[in-house]
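In case you want the letters, here they are:
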Amino acid sequence: MPQNKYPPRWINRFLESFCSPHLLEEVQGDLQELYGEWRRKYGERKANWLYFFHAIKFFRPFAIKRKYDTPTNYSLAMLHNYFLTAWRQVQKSKLHTAINIFGLAVGIAACLVIALTVQHEFSYDRHHPEGDRIYRVTTNAKFVDQWFPNGGVPAPAPHAMRDEFTGLDVVAALHIVFSSEVISPTGASLGKQKQIVITEPKYFEVFSSIQWSVGSPERSLSQPYQVVLTDSQAKKYFGDQEAMGKTLTYFDSLDFVVSGIVQDEAHLTDLSFTEYLSFATLWSNQSLAEDYGLEKWQNTNSNSLAFVKLSVSTTAEEIEQQFPALLTKHIDQTEDNPERTFALQPLSDIHFEAEYSMHNQRLAHKPTLYGLMIVALFLLLIASVNFINLETARAILRSREVGVRKVLGSSRRQLIQQFLGETFFITLLAGGLAILVANFGMEYFAESLPPNLSLTELWLGNGWLLFGIIIGAVSLLAGTYPAWVLSAYSPVFALKIQIAKTSGITQKAYLRKALIVFQFAIAQAFILGTLIVGSQLHYLLNKDLGFSEDAVVHFSIPPGWQDTTQRRFLLTNELRELSSISAVSVSGLLPTSAYRSTRTITYQTDTSEIEVQLSIKEADTSFLSVYGIELLAGRNYRFSDTLNELLINETAVKAFGLNSPSEAIGTFIHFNESKKLPIVGVVSDFHDGTLHDKISPIMIGSGILNMGNVNILLASSGEQISGVQRSLTQVEQVLKKFYPAQPFDYQFFDETIASFYETERQTAKLINVATGLAIFISCLGLLGLVSFTTHQRVKEIGIRKVLGATVTQLIALFSREFASLIIISFVIAAPLAWYFAHRWLADFAYRVDVGLFVFVATLASASVLALLTVGIRSWQAALANPVDSLRNE
C-alpha cells in the first residue's frame, strides 16, 4: 500500500478552521509525514484515527487563529516580481500560453460583438425624457374566433381620448405616409420618400427630445399645407440654399410650404421621420380626410398611430380600464364590426414586437437577443474551461515553486493574488487579440448585425467599461480555481514532488474530465442545432408552395385607389407584346406575402350559415397563368372593376363543409349584407403566407382598386444572365413610358420568398458560427490537454515502445479515455438540444421531422473531430525515439 496517500481531507479542513496560519503549514507537514509512517505500521483505518487525535491536540490557545489580518504590502517590487514571473511562464510554455490566449481571445471577441449588438438593440428610444410614461395605443380585432393584432387605431380614436379620458398629459395622433413622390419647386422629381409622417404639434410634446433649428411646433405645424424637414433632408432637397418658405409638392398635386427645420435624431429610434406634414391639412382637404378615414371608427390602419404620455400619478392599467367605454360609445355594436380591444404598449417595447410593427421599421427579436447572450456566456465558459483545464493539469509542474514561496514566507492569499495576476495578464493579451478578431468578425457579419454598428462604439460612452467588465469576469472565471488549487499545496509534499505521483488519481483529474464533458456537451448541442435549423431552412426554401416562382419578376406601381387612370392596363398590354415575356398580370397582393387582406364572409348551406375568414387576392385574369396555379374545377373569373366572380381554394371548400371542388361551383358567398358573389372555380391550395402558418381559405377575384403589383413570367427560365438583363431593360423602358417617375425596383419572386425567412437565415448563421467557435475552442483545449498528458507520460510511451507497442496501439491508448468522455457529453447534450429544437420548430406549421440521423451525425462528427485532435498529438508522441525519453531525467 503506498505511503504517500493523503489523509482524510475533512480532518485537514477541521485543522485549517482553527489553527493559526503561521503554524498551520508546519503542523500539517509534520502530521502528514507521521501519517505515512502510521499508515505503513498500523494500516489506513488506525492511521486516520491517530491523525485526527493529534490534530485535536493542537486545539490550544497558542495555536488558535487571532482576529487580525496582516495587511498585504503591494510594493512596486512585489508587483514587478509578479509581472516577471508571469512573463517567464509565458516564455517557458509557448504552446500552452498560445492555446490559452487564442481560446480566450475567440471567446472574448464573440462576447464583445454580442454585447455590443445587444446593447445597441436595447438602446432604441431610451433617450426620451420621461420615456417610461410614453405609450403607443394598439388594437386587437377578432375575426371568426381569431384575434389579429394591429399597431394602429381608428383615426378618430386619439382625438376622442384627448377629450374623454382622464390621467393623460398629452395625446398625439399621426399617420405614416406609405410613400410619396416629392417634387421640387422647379417641378423636378426628388424621388419616392418613405420617412414621411402627418402629425400634430402635440407630437413634439410627447417626444420633447427633438430639437428645433428653425421654428416651433405651434408655428410650424398648426396650419394646413405646412411641412417641417430635418436638417439633412433640407440639405438634400435645397443644398446650401435657404429652405424656409420653399414649396414642395406631395400626393401628386398638393403644395406644402417648408415652415420649420428640426435637428436630425442623434440617438437610436424607430421614429426616424425626415418630413413632418401638418395634421391640419387633413381637416382642410376632404379627399385626404377620406383616404385616412378621419371619421371612420370601423377602419383600423397600421399606419394610423396614437402616442400618449401618462400623468405622473397614472398607471397604464388605469388608462386601459377606460377603453371599453370608449369603444361602446363610438362603435355601434349592431353593425357588421369585429370585436375590438385597445391596449397600451410601452415605448421601450416598440422595437421588439413584430405583431405591431410600423411601416419601414427595422425590428429586433428579443428571444434572439437573449439567445445571443446565452451563446456568449457559453463561449466564454468554454474558453474559461480550457484555461482551468490546462492550468490545473500543469499545476504539478509549479508545485516546487509553490513550496519554495511558502517556505520563504508567502501566504496563501499572496499566492492566489499572484496566480490571479498571471491570469489577468494572459487575459489582457487575449483581450487585445480579441479586439482584432471582433473587428474582423463585425466586417464579416455586417449583414447580420444592426446597421451602422461598429467597434468604435467600444470607445464611446461606457464601451470601455463593458470591455473591462468582460476582461475582469474572464480573469476571475478562468483564474480563481487554478489559483486556489496551486496555492493549496503543502510545501512538504510539493518539495518532495509527491504531488506529481498522486496527480492522476486526485479529484483534479476528475474535474478535468468533467470540464471536457461540459465543453463537448455544449459543442455537440450546437452541432445538433446547426443540423436541425439548417434542415428546416432548406425545407422552407425548397418546399412546393403550390405555385411556380421560377422566372417570375414583380415590381410596384401606384395602386388603383391612388392612380385612377387606365395606365396599368396599357402597361400590361404593351409588356405582353415583348417576345421575352410569357405572361403578365397586375394584382394587389402577391400569391405569398407577409401581409394579408382578410374579410369575414358567410356561406349558406342547406341547414346552417357558416362564417369563414377569407384571404382576398385581387388580380386580373392572367394571375393563374403567371404563377402556374392549377384550376381544379370550374372556370376562371371574368375581368371587372370590382369583385363580381370568385375563385376559392381547396381549404375554403373544406371550410364551407363541401366534399369536393365541383360542389362549390355555382354556389354563392355573402360578401356583405347587400352583395352575394358566385363561386365560378376552385384552385389548388397554395401557401399565401410563410410556412409559420397553415394555408388560409382564399378567394381570388378581379378588382382594380388595390392592384399595385405587376407580375411578369419571363419566356425562358434557363436564359443566360445577359438575356434576362436585356428583358428587364425592355420592361423598364415600357414602365417609364407610362410611369416616368416610377422607379423600376424589381425583384425575382423566389428572392422575395427567401426574404420572408431572413430571421431563420440569421438564426442558422448564428448557430453555425457558434458551433464553429465552440468546436474550435473545445478542440484547442483538448489539444493542449493531450499535449500536456503526452509530455507527462513520455517515459511510459518510451517503455511501451521498447516492449513492442505499435504507433496504432499507443494512439488507441490515448484516444480510449477521451472517446468515452465524448459519448458521455453526447448523452447530456442530445436531450437538451432535442428539447430546444422542438420548441423552435413548434413555431412552424410546416416543419421537418427530427430523425435519428441528426443525432448519429452529431455524435460521429464530434467524435471524429475530438479523436482527430487527440490522434494528431498522440501520433507525434508515439513517433518519438524512446531512447531520448528514457535517458533524460
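### A look at the overall build of the chain
At step 1: Per the secondary structure count, the chain includes 31 helices and 24 strands.
At step 2: Looking at the chain residue by residue over its 889 residues, the buried ones come to 50%.
At step 3: Sequence-distant contacts, at least 24 apart, represent 79% of the contacts inside the chain between residues at least 6 apart.
At step 4: As displayed, the chain offers around 42,500 Å² of accessible surface, 57% of which is attributable to carbon and sulfur atoms.

### Observations regarding the sheet that holds strand E14 (residues 552-556)
At step 1: Within the open sheet, the four strands sit side by side as E15-E23-E14-E24. Their pairing is antiparallel. Edge strands, defined here as strands with exactly one partner in the open sheet, are strand E15 (581-587) and strand E24 (747-748).
At step 2: Direction of pairing for E15 relative to strand E23 (residues 709-714): antiparallel, over a ladder of six bridges. Across the sheet, the residue bridging to Val586 is Val710, located in E23.
At step 3: In the packing of helix H21 (residues 567-576) onto the sheet, the strands contacted are E15 and E23, and the crossing angle to E15 comes to about 170°.

### Observations regarding the nonpolar core
At step 1: Of all hydrophobic cores here, the largest spans 67 residues; its most connected members are Leu104, Ile108 and Leu782.
At step 2: For this core, the elements supplying multiple residues, two or more each, are helix H5 (94-121), helix H14 (366-394), helix H16 (412-444), helix H17 (463-487), helix H20 (507-542), helix H27 (758-792), helix H29 (807-841) and helix H30 (852-878).
At step 3: Sorting elements by how many residues they give to this core places H5 first, with 14 residues.
At step 4: Excluding its chain neighbours within four sequence positions, the residues that come into contact with Ile108 are Leu380, Thr427, Ala430, Gly431, Ala434, Ile470, Ile471 and Val474.

### Notes on H30
At step 1: A rise of 1.5 Å per residue sets the reference length of H30, with its 27 residues, at 39 Å; its end C-alpha atoms lie 37 Å apart and thus fit the reference within 8%.
At step 2: Listed as buried for H30 are Val854, Phe855, Thr858, Ala862, Ser863, Ala866, Thr869, Val870, Gly871, Ser874, Ala877 and Ala878.

### Quick word on the pairing of strand E10 (residues 254-262)
At step 1: Of all nine residues in E10, seven are buried; the element is thus mostly enclosed.
At step 2: Pairing analysis gives two bridges linking strand E7 (residues 212-214) to E10, with the strands arranged antiparallel. Counted as the bridge partner of Trp212 is Val262 from E10.
At step 3: Where strand E9 (residues 247-250) meets E10, four bridges bridge the pair, whose relative direction is antiparallel. Looking at the pairing, Thr249 lines up with Asp255 of E10.
At step 4: Between E9 and E10, which pair antiparallel one after the other, the connecting turn spans three residues, and Phe251 there sits at a positive phi close to 55°.

### A closer look at unusual backbone geometry
At step 1: If you check the backbone angles, Glu130 has positive phi at about 55° while not being a glycine.
At step 2: Topologically, Glu130 is positioned in the loop between H5 and strand E1 (134-143).
At step 3: Glu130 gets classed as partly exposed once you look at its relative accessible area, which sits at 42%.
At step 4: Here Ala551, not a glycine, exhibits a phi torsion of approximately 60°, which is positive.
At step 5: Secondary-structure assignment places Ala551 in the loop between H20 and E14.

### Section: a nonpolar patch on the surface
At step 1: A surface patch of nonpolar side chains, about 610 Å² in accessible area, is lined by Ile824, Ile828, Leu832, Trp834, Tyr835 and Phe836.
At step 2: Along the polypeptide, Tyr835 turns up in helix H29.

### Quick notes on the packing of H5 against H16
At step 1: Two elements in contact, H5 and H16, have axes whose closest approach is 7 Å; the angle formed by their N-to-C orientations is 50°. Taken together, the axis directions place H5 and H16 in an arrangement best described as oblique. When you trace H5 past H16, the crossing you get is right-handed. In this structure, H5 contributes Asn100, Ile101, Phe102, Leu104, Ala105, Ile108, Ala109, Leu112 and Val113 to the contact, and H16 contributes Ile426, Thr427, Leu429, Ala430, Gly431, Leu433, Ala434, Val437, Ala438 and Met442.
At step 2: Taken together, the residues of the contact of H5 with H16 sort by class into 16 nonpolar, three polar and no charged.

### A word on the environment of Leu528
At step 1: Following the sequence through the fold, Leu528 ends up in helix H20.
At step 2: We classify Leu528 as buried; its relative accessible area is 0%.
At step 3: In the structure, Leu528 is positioned 326 residues away from Val854 in sequence and 6.6 Å away in space, judged by C-alpha atoms.
At step 4: For Leu528, the contacting residues outside a window of four places in its chain are Ala829, Ala830, Ala833, Val854, Phe855 and Thr858.

### Describing the packing of helix H1 (residues 9-18) against helix H3 (residues 44-57)
At step 1: Between H1 and H3, whose axes approach to 10 Å, the crossing angle comes to 5°. If you check the angle between H1 and H3, you find them roughly parallel. Here Trp10, Ile11, Asn12, Phe14, Leu15 and Phe18 of H1 lie close against H3, whose contacting residues are Asn48, Tyr51, Phe52, Ala55 and Ile56.
At step 2: Of the residues belonging to the contact of H1 with H3, the class tally is nine nonpolar, two polar and no charged.

### Observations concerning the packing of aromatic side chains
At step 1: Overall, the coordinates contain 31 aromatic pairs when judged by the stated rule.
At step 2: Where Phe165 meets Phe323, the ring centres are 5.5 Å apart and the plane angle is 50°; that geometry is what we call tilted. Here Phe165, found in the loop between helix H6 (157-164) and strand E3 (168-177), pairs with Phe323, found in helix H13 (residues 323-330); they are 158 residues apart in sequence, far enough to count as distant. Both residues of the pair, Phe165 and Phe323, count as buried.
At step 3: The rings of Tyr203, Phe204, Phe207, Trp212, Phe273, Tyr276 and Phe307 are connected pair by pair, giving a single aromatic cluster.
At step 4: A cation over an aromatic ring shows up here: Lys366 above the ring of Phe352, its NZ or CZ 5.0 Å from the ring centre.
At step 5: The ring of Tyr846 carries Lys543 above its face, with NZ or CZ at 5.2 Å from the centroid.

### Observations regarding the confidence of the model for the chain
At step 1: In the predicted model, the chain carries a mean pLDDT of 82, and 89% of its residues have values of at least 70.
At step 2: Here residues 68-73 is modelled with pLDDT under 50, and outside its nearest four sequence neighbours on either side it reaches five contacts, counting other chains as well.
At step 3: In the predicted structure, residues 498-507 sits below a pLDDT of 50 and forms 17 contacts with residues beyond four places in sequence or in another chain.

### A few points about the pattern of salt bridges
At step 1: Per the stated rule, a full pass over the model turns up 14 salt bridges.
At step 2: Of the charged contacts in the structure, one is a salt bridge between Asp240 and Lys235, with a shortest N-O distance of 3.1 Å.
At step 3: Across the pair Glu645 and Arg638 runs a salt bridge whose closest N-O atoms are separated by 3.0 Å.
At step 4: Glu645 gets classed as buried once you look at its relative accessible area, which sits at 14%.
At step 5: Residue classification places Arg638 among the exposed positions, given a relative accessible area of 55%.

### What to know about the side chain of Asn711
At step 1: Among the structural elements, Asn711 can be located in strand E23.
At step 2: Given a relative accessible area of 0%, Asn711 falls into the buried group.
At step 3: Side chain to side chain, Asn711 and Tyr627 meet in a polar contact 2.6 Å long.
At step 4: Beyond its immediate stretch of four places on either side in the chain, Asn711 contacts Val553, His554, Ala583, Val584, Ser585, Val586, Ser587, Leu590, Val626 and Tyr627.

### Focus: the environment of Tyr739
At step 1: Relative to the assigned elements, Tyr739 resides in the loop between helix H25 (721-738) and E24.
At step 2: Residues Tyr739 and Pro558, 181 residues apart in the sequence, show an inter-C-alpha distance of 9.1 Å.

Thresholds, definitions, all that
- Residues numbered from 1 in each chain as written.
- Predicted model: local features only at pLDDT ≥ 70, side-chain atom pairs only at ≥ 80, totals over all residues.
- Heavy atoms only, no water.
- Helix = DSSP H or I, 4+ residues; strand = E, 2+ residues; numbered from the N terminus.
- Buried < 20%, exposed > 50% of the residue type's maximum accessible area, 1.4 Å probe, protein only.
- Contact = heavy atoms within 4.5 Å.
- Areas by Shrake-Rupley, 256 points an atom, 1.4 Å probe, with all protein chains shown as cover.
- Pairing = 2+ DSSP bridges.
- Axes fitted to C-alpha atoms, helices over the stretch in contact; angles between N-to-C directions.
- Core = buried A, V, L, I, M, F, W, Y, C linked by side-chain atoms within 4.5 Å.
- Expected span 1.5 Å × (residues − 1).
- Patch = residues over 30% accessible without salt bridge, like charges linked within 9 Å, V, L, I, M, F, W, Y side chains within 5 Å.
- Salt bridge = Lys/Arg side-chain N within 4 Å of Asp/Glu carboxyl O.
- Parallel < 35°, antiparallel > 145°, perpendicular 65-115°, else oblique.
- Left-handed = near helix turned anticlockwise from the far one by under 90°.
- Nonpolar A, V, L, I, M, F, W, Y, C, P; charged D, E, K, R; others polar.
- Phe/Tyr/Trp six-rings, centres within 6.5 Å; stacked < 30°, edge-to-face > 60°.
- Lys NZ or Arg CZ within 6 Å of the ring centre and 35° of its normal.
- pLDDT = per-residue confidence, 0-100.
- Polar contact = N/O pair within 3.5 Å; in protein donor to acceptor, adjacent residues only side chain to side chain.

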